[in-house]
Amino acid sequence: MGDLFSADRLVEEFPKLIPYLIENLKVLLWATVFGVILGLLITGVRMKKIPILYQITVVYISFMRGTPMLVQLLLIYYGLPAFIDPILGTNISREWPPILFAYTTFILNQGAFLSSIFYGAIKGVPSGQFEAGLSVGMTKLQTFRRIIAPMAVRIALPPFGSDFVGVFHNASLVYVIGVVDIMGRAKSIGSATGHVLEAYVIVALLFIIFSMGARALFGFVGNKLDYANIKVR
Amino acid sequence: MKKINKRIQKTLIMIFALGLASATLFTGCAQKTSADDGKEQVRKVIVGTGNGYEPYCYLDDNGNLAGYEYEVLKEVDKLLPQYEFEYQTSDFTNVLISLDAGKIDIAAHQYEYNDERNEKYLFGTEPYTTYVTYLVVPSDNEDIKSLDDLAGKTIYTGGKGSNSTYIVEAYNEEHPDNKINIENAESLTSEEFVQGLLSGKWDAAIATRRDAEKHNKAYGSDAIKIVGDPIQTSSTNYLFSKDDTQLQQDVDGAIKQLKENGKLAEISIAQLGGDYTENE
């Protein structure tokens, strides 16, 4: 048991692991940037209640929110090519590197989660605000852009922040489909050296640091947007 | 009010710009270069292997694939100019699923023959490693000699879909009143393996003699030992898709050549610390 953990190995493995964090960050960025776009589109469909599309989004969101990330990842990795390749005549099954499947999964997942956050945020703005906008002569679009959207952003920011951190944590799952991310590297260091605990400790440390940083950033932006409480100079 | 509005706008623009910048930064990674138009005769073969089974397939210090499987296949590739091998690593359980899904053409992860596998996949006919598995117990244990001694006890096997799991499951089916509890896990480190046995988490495990020796060496003492007769004496082969007979025959031919010119034994000694290519 005495050899289970050694500080030397901890120090030694640190630089080996750090570069692989980039893979997780890539997943996070793709998921966030395109997830926001997808989320906004879905929110639009839900707000406007566009027939057929609306029903599809309901099923889609309940699927994405109701199944584990790991399941989604494996379903997309193995299932998406089986579905798409025969229809489009492509061969993404073999041509796409695993990380592209990881991006796809996380974007689809985030589209669903973020649309729920956005939808909730817009609905969270009192309807009186909308009526007030119209009553002073703004068009519907103007009202939305000038009155509703800024308030909705403020409401959406805190859940968006925790979702952001959550995605980052989930991104550590991508190793199961063969992406060598920080988790995959930690495991492979473990099997190559016979010692795995140090690598996991490092992963945990890095995740904590990142999460705290992200929370601080979102807290800062949140305060900036909290204009109801900003001191007027 | 105006001032505050500006502030929001600024923040929004900043977030948007950041997003855009990162998007452009990382789209570069998505574009796959498809430069294989010129040489159509050469077939690209994707080899699926594991990343956590030292010394067969694992990632080295720089994160590159290394080990016996890789070294052998590299030589096979050299002998077969009509193919170009590419390697894809994943967890043990995912290798065969990838073969199912057509993501890979060859599965290489020390696969022993069993009926279940034979039904679904095409086995190579030219084995490239012997695989004799034994029961492994703590060195001070004198009670356990065979699977029959394990009734009601717990055994560690090498993960869902591994042959050791298959053997114990078959044993349980034959001996319904004498069942052994199976604990499945994959890619354990030597430490976890030895510790699991010493702590009594498992009463026994299944491993090859060379794996048991590897674990003892890594752990630093003769903490575990192999007992009794071999659980199974077999050898390992590559797995192919059912209809990929041409590739299977070509690879088998190459393995045969490597056996004849002594190259395979050389690799085995270098990677596994002994010649495990014909018999133990």
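Residues numbered from 1 in each chain as written. Chains lettered and ligands numbered in written order. Predicted model: local features only at pLDDT ≥ 70, side-chain atom pairs only at ≥ 80, totals over all residues.

## Comments concerning the overall build of chain A
Next, step 1: Within chain A, the regular secondary structure consists of 10 helices and 0 strands.
Next, step 2: For chain A, the α and β elements follow one another from N to C terminus as α-α-α-α-α-α-α-α-α-α.
Next, step 3: Reported as C-alpha extents along the three principal axes, the dimensions of chain A are approximately 75 × 60 × 25 Å.
Next, step 4: Here chain A, with 233 residues, has 36% of them falling under the buried criterion.
Next, step 5: Of the contacts made within chain A by residues no fewer than 6 positions apart, 78% connect residues no fewer than 24 positions apart. (Helix = DSSP H or I, 4+ residues; strand = E, 2+ residues; numbered from the N terminus. Buried ≥ 20, exposed ≤ 12 C-beta atoms within 10 Å, placed from the backbone. Contact = placed C-beta atoms within 7 Å.)

## A short note on the overall build of chain B
Next, step 1: What chain B contains, in helices and strands, is 9 helices and 12 strands.
Next, step 2: Here chain B holds 280 residues, and the buried ones make up 38% of them.
Next, step 3: The contacts in chain B between residues at least 6 apart in sequence include a share of 75% that link residues at least 24 apart.

## Quick look at the domain arrangement of chain B
All names here are of chain B.
Next, step 1: Along its sequence, chain B is carved into domain 1 (43–130 + 235–272) and domain 2 (131–234).
Next, step 2: Contacts between the two partners involve 16 residues from domain 1, matched on the other side by 11 residues from domain 2.
Next, step 3: Listed by contribution, the elements that provide at least two residues to the side of domain 1 that touches domain 2 are strand S2 (52–53), helix H3 (92–100), strand S6 (106–112), strand S8 (129–138) and strand S12 (224–240).
Next, step 4: Taken together, the residues of the side of domain 1 that touches domain 2 sort by class into 5 nonpolar, 8 polar and 3 charged. (Domains from an automatic or database assignment. Nonpolar A, V, L, I, M, F, W, Y, C, P; charged D, E, K, R; others polar.)

## Section: the nonpolar core
Next, step 1: Val27(A), Ala102(A), Phe106(A), Val174(A), Ile106(B) and Ala107(B) are the most contacted members of the largest nonpolar core, which has 84 residues in total.
Next, step 2: Looking at which element gives the most residues to this core, the answer is helix H6 (residues 98–124) of chain A, with 14 residues.
Next, step 3: Contact partners of Val27(A), with chain neighbours within four places excluded, come to Ala102(A), Tyr103(A), Phe106(A), Ala171(A) and Val174(A).
Next, step 4: Formed by 24 residues, the second largest nonpolar core is a distinct cluster that contains Leu147(B), Tyr156(B), Val194(B) and Ala212(B). (Core = buried A, V, L, I, M, F, W, Y, C linked by C-beta atoms within 7 Å.)

## Focus: the environment of Glu198(A)
Residues and elements named next belong to chain A.
Next, step 1: Within the secondary structure layout, glutamate 198 lies in helix H10 (residues 197–225).
Next, step 2: C-beta crowding within 10 Å serves as the criterion here: with 24 such atoms nearby, glutamate 198 is assigned to the buried category.
Next, step 3: Counting along the chain gives 11 residues from glutamate 198 to isoleucine 209, while the straight-line C-alpha distance between them is 17 Å.
Next, step 4: Aside from chain neighbours lying at most four places away, what touches glutamate 198 is Phe5, Ser6, Arg9, Leu10 and Glu13.

## A short note on unusual backbone geometry
Residue and element names in this part refer to chain B.
Next, step 1: With an omega of 5°, the peptide bond between glutamate 54 and proline 55 qualifies as cis.
Next, step 2: Structurally, the position occupied by proline 55 is in the loop between S2 and strand S3 (57–59).
Next, step 3: Of note, glutamine 110 is a non-glycine position whose phi angle comes to about 50°, a positive value.
Next, step 4: The topology assignment puts glutamine 110 in strand S6.
Next, step 5: The buried category is assigned to glutamine 110, around which 23 C-beta atoms lie within 10 Å.

## Comments concerning the pairing of S8(B)
Residue and element names in this part refer to chain B.
Next, step 1: The element S8 is extensively covered by neighbouring structure, given that 7 of its 10 residues are classed as buried.
Next, step 2: Where S8 and S12 come together, 9 bridges link them in antiparallel fashion. The residue of S12 that forms the bridge with threonine 133 is glutamine 232.
Next, step 3: In this structure, S8 lies alongside strand S11 (residues 204–208), joined through 4 bridges in antiparallel fashion. Opposite valine 136, over in S11, you have alanine 205 as the bridge partner. (Pairing = 2+ DSSP bridges.)

## Re the pairing of S6(B)
Residue and element names in this part refer to chain B.
Next, step 1: Of all 7 residues making up S6, 7 are buried, and the element is well covered by its neighbours.
Next, step 2: Looking at chain direction, strand S1 (residues 43–50) and S6 are connected through 3 bridges and run parallel. Of the residues in S6, the one forming a bridge with valine 47 is isoleucine 106.
Next, step 3: Note that S6 and S12 share 4 bridges and pair antiparallel. Bridging from a neighbouring strand, isoleucine 106 pairs with phenylalanine 240 of S12.

## Observations regarding the packing of helix H1 (residues 7–17) of chain A against H10(A)
Residue and element names in this part refer to chain A.
Next, step 1: At a closest axis distance of 9 Å, the pairing of H1 and H10 adopts a crossing angle of 60°. If you check the angle between H1 and H10, you find them oblique. Between H1 and H10 lies a crossing whose hand is right-handed. Residues Arg9, Leu10, Glu13, Phe14 and Leu17 of H1 form the contact with H10, whose participating residues are Glu198, Ala199, Val201, Ile202 and Val203.
Next, step 2: Here the contact of H1 with H10 is built from residues that sort into 7 nonpolar, no polar and 3 charged. (Axes fitted to C-alpha atoms, helices over the stretch in contact; angles between N-to-C directions. Parallel < 35°, antiparallel > 145°, perpendicular 65-115°, else oblique. Left-handed = near helix turned anticlockwise from the far one by under 90°.)

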